[in-house]
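# A look at the structure
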Amino acid sequence: MKRKVFFTRRIPEIGIKMLQKKYEVEVFPGPGNVDRDTLVQKIQGCDAIVTLLSDKIDEELLQKAANLKIIANYAVGYNNIDIHAAMQHKIMVTNTPGVLTNATGEIAFALMITLTRRIIEADRFTRNGEFIGWDPLLFLGDELKGKTVGILGMGRIGQDMASKCKAFGMRVIYHSRKPVSGEIEQKLDAVYCSLDQLLSQSDVISVHTPLNDKTYHLLGRESFCKMKNGVYLVNTSRGEVIDEGVLVEHLKSGKVKGAGLDVYEYEPEITRELFSLSNVVLLPHIGSATIETRNKMSEMVARNVIAGLEGERPENLVPEMSDLF
Ligand code: DGY
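Bear in mind the structure is a predicted one, so any value in this text is a computation, not a measurement.

### What about the pairing of strand 6 (residues 148–152)?
Looking down a regular strand, the side chains alternate between one sheet face and the other. The element strand 6 is extensively covered by neighbouring structure, given that five of its five residues are classed as buried. Burial along strand 6 is two-sided: the face carrying Thr148, Gly150 and Leu152 and the face carrying Val149 and Ile151 are both buried. With five bridges joining them, strand 6 and strand 7 (residues 171–175) adopt parallel strand pairing. If you follow Gly150 over to strand 7, its bridge partner there is Ile173.

### Focus: the pattern of salt bridges
By the definition in use, this model includes 15 salt bridges. The partner of Lys164 in a salt bridge is Asp160, with the nearest N and O atoms 2.6 Å apart. Of this pair, Lys164 and Asp160 both sit in helix 7 (residues 156–167), four residues apart, which is roughly one turn of that helix. Note that Glu222 and Lys226 form a salt bridge whose closest N and O atoms lie 3.5 Å from each other. One end of the pair is Glu222 and the other is Lys226, both in helix 10 (residues 221–226) and four residues apart, which spans about a single turn. With a relative accessible area of 32%, Lys226 lands in the partly exposed category. Shared partners join several salt bridges into a network, and the residues in it are Arg36, Lys56, Asp58 and Glu60.

### Some points on the sheet that holds strand 8 (residues 190–192)
Reading across the sheet, the seven strands line up as 8-7-6-9-10-11-12 and stay open at both edges, with parallel pairing between neighbours. Each end of this open sheet is capped by a strand with a single partner; those strands are strand 8 and strand 12 (280–282). Ignoring strand direction, the axes of neighbouring strands in this sheet form an average angle of 20°. Relative to strand 11 (residues 256–261), strand 10 (residues 231–235) runs parallel, the two being bridged by five bridges. Pairing of Val234 across the sheet is with Gly260, part of strand 11. Relative to the sheet, helix 7 contacts strand 6, strand 7 and strand 9 (204–207), its axis offset from that of strand 6 by approximately 170°. Contacts from helix 11 (residues 244–253) reach strand 10, strand 11 and strand 12 within the one sheet, and its direction differs from that of strand 11 by about 135°.

### A look at the side chain of Ser202
Position of Ser202 among the secondary structure elements: in the loop between helix 9 (195–201) and strand 9. A residue is classified by how much of its surface remains accessible, and Ser202, at 0% relative accessible area, is buried. Engagement of the side chain of Ser202 in a polar contact is seen with the backbone nitrogen of Gly150, the distance being 3.4 Å. A polar atom in the side chain of Ser202 sits 2.7 Å from the backbone oxygen of Leu198. Excluding residues that lie within four positions of it along the chain, Ser202 makes contacts with Thr148, Val149, Gly150, Ile173, Lys228 and Val231.

### Quick look at the pairing of strand 11
Most of strand 11 sits out of view: five of its six residues are buried. Handedness of the β-α-β unit built from strand 10, helix 11 and strand 11 comes out right-handed. Strand direction decides the pairing type here: strand 11 and strand 12, joined by three bridges, are parallel. Paired with Ala259 across the bridge in strand 12 is Val280.

### Considerations on the site of the ligand
Every residue near the ligand is listed here: Leu53, Ala75, Val76, Gly77, Leu100, Arg238, His285 and Ser288. At 2.9 Å, a backbone N or O of Gly77 approaches an oxygen atom of the ligand. With respect to the ligand, the side chain of His285 contributes an N or O atom lying 2.7 Å from an oxygen atom. When grouped by side-chain class, the residues that make up the shell around the ligand number four nonpolar, three polar and one charged.

### Focus: helix 11
Taken residue by residue, helix 11 has Glu244, Val246, Leu247, Val248, His250 and Leu251 as its buried positions. Here the buried face of helix 11 lies against helix 10, strand 10, strand 11 and strand 12. The N-cap residue of helix 11 is Asp243: its side-chain oxygen and the backbone nitrogen of Gly245 are 3.2 Å apart. Immediately downstream of helix 11, the backbone of Gly254 shows phi near 90°, a positive value.

### Focus: the environment of Arg272
For Arg272, the location among the structural elements is in the loop between strand 11 and strand 12. A relative accessible area of 66% places Arg272 in the exposed class. When the C-alpha atoms of Arg272 and Val248 are compared, they prove to be 9.7 Å apart, with 24 residues separating the residues in sequence.

Conventions used here
- Residues numbered from 1 in each chain as written.
- Predicted model: local features only at pLDDT ≥ 70, side-chain atom pairs only at ≥ 80, totals over all residues.
- Heavy atoms only, no water.
- Buried < 20%, exposed > 50% of the residue type's maximum accessible area, 1.4 Å probe, protein only.
- Helix = DSSP H or I, 4+ residues; strand = E, 2+ residues; numbered from the N terminus.
- Pairing = 2+ DSSP bridges.
- Salt bridge = Lys/Arg side-chain N within 4 Å of Asp/Glu carboxyl O.
- Axes fitted to C-alpha atoms, helices over the stretch in contact; angles between N-to-C directions.
- Contact = heavy atoms within 4.5 Å.
- Polar contact = N/O pair within 3.5 Å; in protein donor to acceptor, adjacent residues only side chain to side chain.
- Right-handed = clockwise from strand over helix to strand, strands pointing away.
- Near = heavy atom within 4 Å.
- Nonpolar A, V, L, I, M, F, W, Y, C, P; charged D, E, K, R; others polar.

Functional significance is not addressed by these values, which are geometric in nature.
Here it is, written out as structure tokens:
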């Protein structure tokens, strides 16, 4: 009997086709995300599941997953999956690191320059027919060259953002769980510092840290107090790293001059007050949304599923599981 693979949402075809050659594949047709009842029903009968970052895979669900060998998350972040529970049930979990680094770095950089040069405000103004001629004082922004960017979380995507910032003549400081190698620091001209130093010295703070117990609300009231007046904030990681309510307060007071957000604390809900602020740029979690990257992610989940079902060690097994399989 063919083994069963369930996709919780349609993803670019390439990976689906790879799996259709070997297994019985079912794709949740939508519209929207798979509902909990369907997820419960499907996980009971499948050998592999391809999940999205919005699918909560918890202990209750995993208890029912009698045949499940592998959860292949279509994302680099996997905070949607209870890794501890998956380990207890001996179910492999994989993610998609590496292939989305540049795409996400580009979005972080795009958010930063869109904020500092007021691109969205200026576009609205022009469309509204308000442009009546060159004006020496029109939409004055902040130049990036010579400014300090603080990279919070110096993994692959943080490093990519750092290299883009370096190319634009910015001074790069960073804070991470641990410093990166001297070689990488040298290549990026990046200086390791404490969180407090990063908060007090950065003109732009770009968040790249994964979400976990230690990073939940890492940027909360106390951190905001330590930031420079007029700091810009960019988040392409996970919304819960920032206390969104406190961010709104500081955007209103001007302490934070602008925020570029691709992710939200209560995603897909967005704190309503953000909509009425002109100093924010809001994106619908599109960090990895390029055709090239999403195709590569699709291939990657398929390769991971094949390895997992054929008794091999998937290439992108999450690090927590490296000793288990
Ligand atoms: C991820 O893969 O974790 C990203 O958030 C997707 O854009």
